[in-house]
Amino acid sequence: MVDDPFPAAWIPPYNTLVVAAGVASVGFAAGVVGCFAVLRRRALAGDAAAHATLLGVGLAFLLGGGRRDLPLLLAGALSTAIAALLGLVLIGRWTRTRDDAATAIVLGVSFGAGITLLSGISARGIPGSAGLEQFLLGHTAGLTAADATILGVMSLLAVGIVALFLKESTLVAFDPLFAAASGWPVTLIDYALVVLVAVMVVVGLPAAGAVLVTALVVIPPVTARQWTDSVGVMLPLAGIFGLVAALSGVAVSSAVPRMPTGPLVVIAASILLTISLLIAPRRGGLARWLQARRTVAAWADGRLLEVALRLDSDGPFTREQLLAKAPGVAADSAFKRLVRSAALEPVVTRAGTDAWRLAVWGRELAAERSRRVAAWTEVLEAAREDARGHLTIDVPSPEAILGAARMKAIRESAAAERGAGEARPGQPGQPGQPGQPGGGAGG
Amino acid sequence: MTMSTTSAGLEFHDVTVAYGRRPVLWNVDLTVPGACLFGIIGPNGAGKSTLLKAALGLVPLAGGEVRILGAPLEQVRGRVGYVPQRESVDWDFPVTVTDVVLMGTYARLGWLRRPGPRERSLAAECLDRVGLADVADRQIGRLSGGQQQRVFLARALAQEADVYFLDEPMAGVDARSQERIFRVLAELRAEGRLVVIVHHDLRSAGDWFDAVALIDMRLVATGPVAEVLTPENLRRTYAGRLDLLDEIGRAVAEGGRTP
């Protein structure tokens, strides 16, 4: 250290850097660990654990003789967080209370106790107690480099554990029944995951506070899920979202005097979430809205063509005639598309100011669509599960989807069924429908 | 990986299971021979799935014991494959078809070891067997019900087991998938494996199974299909369930057709 090129003047920025790095790894780890809390539907249990941390902070403060030693306070927080989770398990096992009620009870009781204890401590004016309320909403300004290092190391450990047991955690989160049947200790893995969530909640306390730290664990995974269909991508992505949220929250709060960091971290996380909920491909609101519109439009176009074919057999038809026979939400715009097509590809041709005929191509399209609708109706009748598995609103060719041989078999069984139905009138329920709805609840 | 010919495939000895104070299985004593397609049939709520779960150690027994390939479950766990009900998982889960099939190899891999090239080629082979090679990289939510069921079957194949338990594999499944599933199950039987299937549809039982057990909390009858699905046995199993009378009538009519 004799040749240290960065003497005293560099110490404050060094401290800031260490705190930033610590907070960044906390955000990253919260996102990664949170993925399994979300996928295993344990987010609310994590929230109960988070609210229980205040009680532990207060107890540790008293036990430590009024020292504001962060590792000690966090150890206290972790012990009450785990006690809360244990309480959840016990209530679930030994009483008939439902999960959501049990969670609300544990959260309320432990948070109430924690607030009471902290208020008592601050009312007595015990020296050193001034900063304890910072654990409520988070405040990173007072963090030392040593504190931040501890937080960072614990976070990276948590990420390491998840990465190591990725295979096992994914299996148990996806299909616990299968995991148990093939010999995995599902309960143990489950508890380990929940304890890991509790650790992340505790480590996240200085950044986000007891009330809001769950948001740091839950929001980044939900955000990441919008963008990917793979756990392997979701985990690091959630980590990055968590990191960005945590860092920007802390950065903004350091610029504003006496601003708690928790709310800012949550705001940053929810901005990322909102954007993702809106614009993510396929799962995003915008994509789904467009898809819904396309669906309605495709159906309306097809219906209009079918009706046009029927009207066309009596000569030219008007817009009003067509729309009267093909009512529906999107019929009007479907008609506009139909007319516009007259210029592009000859589906309809103009036979007067408001008189239309189907062109050859339009007649073919309409006939094919009618044929497909009739064929699918038959499939729905005779082989409902085939239709349920494969029919889509754009009415694909059933032969292309199910195969010509299968379609032939369905037609034959439908014909046989019609014959049988006439021979045995009043028979409730038609034979030949494979499967039953909801027949899965066999236990 | 073939079974010893001497021992029965699966034995239940006086198995009783209760949820709380209420019994769902009552002194079931049932022996299933090796290498066949065996159907467990009964009305909804008869305890069919519970019987499978009892065999797999997923529910605690109130009494009795289960032996698989002549041994307690713990000794043969690695030789047992399982296809749970399709509704038992969240199909929006962010995994691909191949990811799910690879889960069949996890127990053999043990803690920490990841699937390697051997496991991947096995998974591809199993997917090919159930006719899903072309959707291997698709997220599982973007499959039809029949395809999802076949993914579960492929995962069980990847377990390379000698005894298979399937819980309602034909429920809500289209005809093409049903045929495919059945063909694979018949192959497993031909390879000398035992396949035990919980099934709710009486009508198709005769087409698929070598032998069946009729269950309604207790064991009503067991043996070859033609001997078990008699009007008397069906009445004893489905007694008091008026909504099923029609189905019974039809099954009986069809049972009469088979010698």
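Undergrad: Looking at this structure, I do not really get the overall build of chain B. What am I missing?
TA: From N to C terminus, chain B includes ten helices and nine strands. The buried share among the 259 residues of chain B stands at 47%. Within chain B, residue pairs in contact and separated by at least 24 positions form 71% of the contacts whose partners lie at least 6 positions apart.

Undergrad: Looking at this structure, I do not really get the sheet that holds strand β8 (residues 211–216) of chain B. What am I missing?
TA: Residues and elements named next belong to chain B. What the six strands build is an open sheet, ordered β5-β6-β7-β3-β8-β9; its pairing is mixed. Both edges of this open sheet fall to β5 (80–83) and β9 (218–224), since each of them pairs with a single strand only. Across the sheet, the mean angle from the axis of one strand to that of its neighbour is 15°, orientation sign disregarded. Examined bridge by bridge, strand β3 (residues 37–41) and β8 share four bridges and lie parallel to one another. Looking at β8, one finds that isoleucine 40 is bridged to alanine 213. Where helix α1 (residues 48–55) meets the sheet, it contacts β3, β6 (163–167), β7 (194–199) and β8, and its direction lies at approximately 150° from that of β6.

Undergrad: In this structure, what is going on with the interface of chain A and chain B? I would like to understand it.
TA: Accessible area lost upon the coming together of the parts serves often as the stated size of an interface. The interface of chain A with chain B comprises 39 residues on the first partner and 44 residues on the second. Going through the elements one at a time, α7 (166–174), α8 (176–181), α11 (231–255) and α17 (384–390) of chain A are the ones with two or more residues in the side of chain A that touches chain B. Of the residues belonging to the side of chain A that touches chain B, the class tally is 16 nonpolar, 14 polar and nine charged.

Undergrad: Would you take a moment to explain the sheet that holds strand β2 (residues 22–32) of chain B for this structure?
TA: Strands pair in a sheet through their backbones, by hydrogen bonds, and they do so in one of two ways: parallel or antiparallel. All names here are of chain B. The strand order β2-β1-β4 describes an open sheet built from three strands, whose pairing is antiparallel. Both outer strands of the open sheet, β2 and β4 (63–68), are each paired with one neighbouring strand and no more. Mean inter-strand twist for the sheet, computed between neighbouring axes without regard to direction, equals 20°. On the sheet, α1 packs against β1 (10–19), β2 and β4 and is oriented at approximately 65° with respect to β2.

Undergrad: Before we go on, may I ask you to explain helix α13 (residues 285–312) of chain A in this structure?
TA: In an α-helix there are 3.6 residues to a turn, and that puts residues three or four apart on one side. Compared with an ideal rise of 1.5 Å per residue, which puts 28 residues at 40 Å, α13 of chain A spans 40 Å between its outermost C-alpha atoms and is within 8% of the ideal. Listed as buried for α13 of chain A are Ala300, Asp301, Gly302, Leu304, Leu305, Val307 and Ala308 of chain A.

Undergrad: How should the domain arrangement of chain A be read in this particular structure?
TA: Residue and element names in this part refer to chain A. For chain A, the assigned domains are domain 1 (9–280) and domain 2 (284–421). Taking the mean C-alpha position of each, domain 1 and domain 2 sit 54 Å from one another. Residue-level contacts link five residues of domain 1 with four residues of domain 2. Of the residues in the side of domain 1 that touches domain 2, the class split is four nonpolar, one polar and no charged.

Undergrad: Help me out: how do you make sense of the nonpolar core in this one?
TA: What tends to happen in soluble globular proteins is that the nonpolar side chains get buried as a cluster. All names here are of chain A. In terms of nonpolar packing, the biggest core is built from 173 residues, with Val33, Ala49, Val197, Met200, Leu216 and Ala246 touching the most fellow members. Sorting elements by how many residues they give to this core places helix α1 (residues 11–39) first, with 14 residues. Ignoring sequence-local partners within four residues, the contact set of valine 197 consists of Val33, Ala37, Arg42, Gly46, Ala49 and Val217. One finds Val307, Ala308, Ala334 and Leu365 within the second-largest nonpolar core, a separate group that totals 17 residues.

Undergrad: Where do I start with the pairing of strand β1 (residues 348–352) of chain A in this structure?
TA: Two faces, one strand: in a regular strand the side chains alternate between the faces of the sheet. All names here are of chain A. Pairing geometry for β1 and strand β2 (residues 355–358), over four bridges, is antiparallel. Each residue of the ladder has a partner; that of glycine 352, found in β2, is alanine 355. Hairpin connection, β1 to β2: the antiparallel pair is bridged by two residues.

Undergrad: I tried to follow the packing of helix α4 (residues 117–129) of chain B against helix α5 (residues 145–158) of chain B on my own but got confused; where do I start?
TA: When two helices pack together, their arrangement is captured by the angle between the axes and the distance separating the axes. Residues and elements named next belong to chain B. At their nearest, the axes of α4 and α5 sit 9 Å apart, and the two run at 135° to each other. In terms of orientation, α4 lies oblique with respect to α5. Crossing handedness for the pair α4 and α5: right-handed. Note on element contacts: α5 touches α4 through Ala154, Leu157 and Ala158, opposite Leu122, Ala123, Cys126, Leu127 and Arg129. Tallied by class, the residues present in the contact of α4 with α5 amount to seven nonpolar, no polar and one charged.

Undergrad: For this particular structure, what's the right way to read the confidence of the model for chain B?
TA: Note: predicted coordinates in regions of low pLDDT should not be interpreted at a detailed level. Residues and elements named next belong to chain B. The predicted model of chain B averages 89 in pLDDT, with 90% of residues at 70 or higher. Contacts for the low-pLDDT stretch residues 1–6, under 50 throughout, to residues beyond four places or in other chains number nine contacts. Reported confidences for the modelled complex are a pTM of 0.85 and an ipTM of 0.91.

Undergrad: It is not clear to me how helix α3 (residues 97–109) of chain B should be interpreted in this structure. Could you clarify?
TA: If you check α3 of chain B, its first and last C-alpha atoms are 19 Å apart, about what 13 residues at 1.5 Å a residue would give, namely 18 Å. Within α3 of chain B, the axis deviates most sharply at methionine 103 of chain B, by approximately 35°. Of the positions making up α3 of chain B, those classed as buried are Val97, Thr98, Asp99, Val100, Val101, Leu102, Met103, Gly104, Thr105, Tyr106 and Ala107 of chain B. Among the structural elements, α7 and α8 of chain A together with α4 and α5 of chain B are those in contact with the buried residues of α3 of chain B. Glycine 110 of chain B sits one or two positions beyond α3 of chain B and adopts a positive phi of about 80°.

Undergrad: Which parts of the structure should I look at to understand the confidence of the model for chain A?
TA: When the pLDDT values of chain A are averaged, the result is 86; 91% of them are 70 or greater. This model gives residues 424–443 of chain A a pLDDT under 50, and the stretch forms 42 contacts once residues within four places in sequence are excluded.

Reading guide: rules and limits
Residues numbered from 1 in each chain as written. Chains lettered and ligands numbered in written order. Predicted model: local features only at pLDDT ≥ 70, side-chain atom pairs only at ≥ 80, totals over all residues. Helix = DSSP H or I, 4+ residues; strand = E, 2+ residues; numbered from the N terminus. Buried ≥ 20, exposed ≤ 12 C-beta atoms within 10 Å, placed from the backbone. Contact = placed C-beta atoms within 7 Å. Pairing = 2+ DSSP bridges. Axes fitted to C-alpha atoms, helices over the stretch in contact; angles between N-to-C directions. Nonpolar A, V, L, I, M, F, W, Y, C, P; charged D, E, K, R; others polar. Expected span 1.5 Å × (residues − 1). Domains from an automatic or database assignment. Core = buried A, V, L, I, M, F, W, Y, C linked by C-beta atoms within 7 Å. Parallel < 35°, antiparallel > 145°, perpendicular 65-115°, else oblique. Left-handed = near helix turned anticlockwise from the far one by under 90°. pLDDT = per-residue confidence, 0-100. Bend = angle between axes of the 7 residues up to and from the residue.

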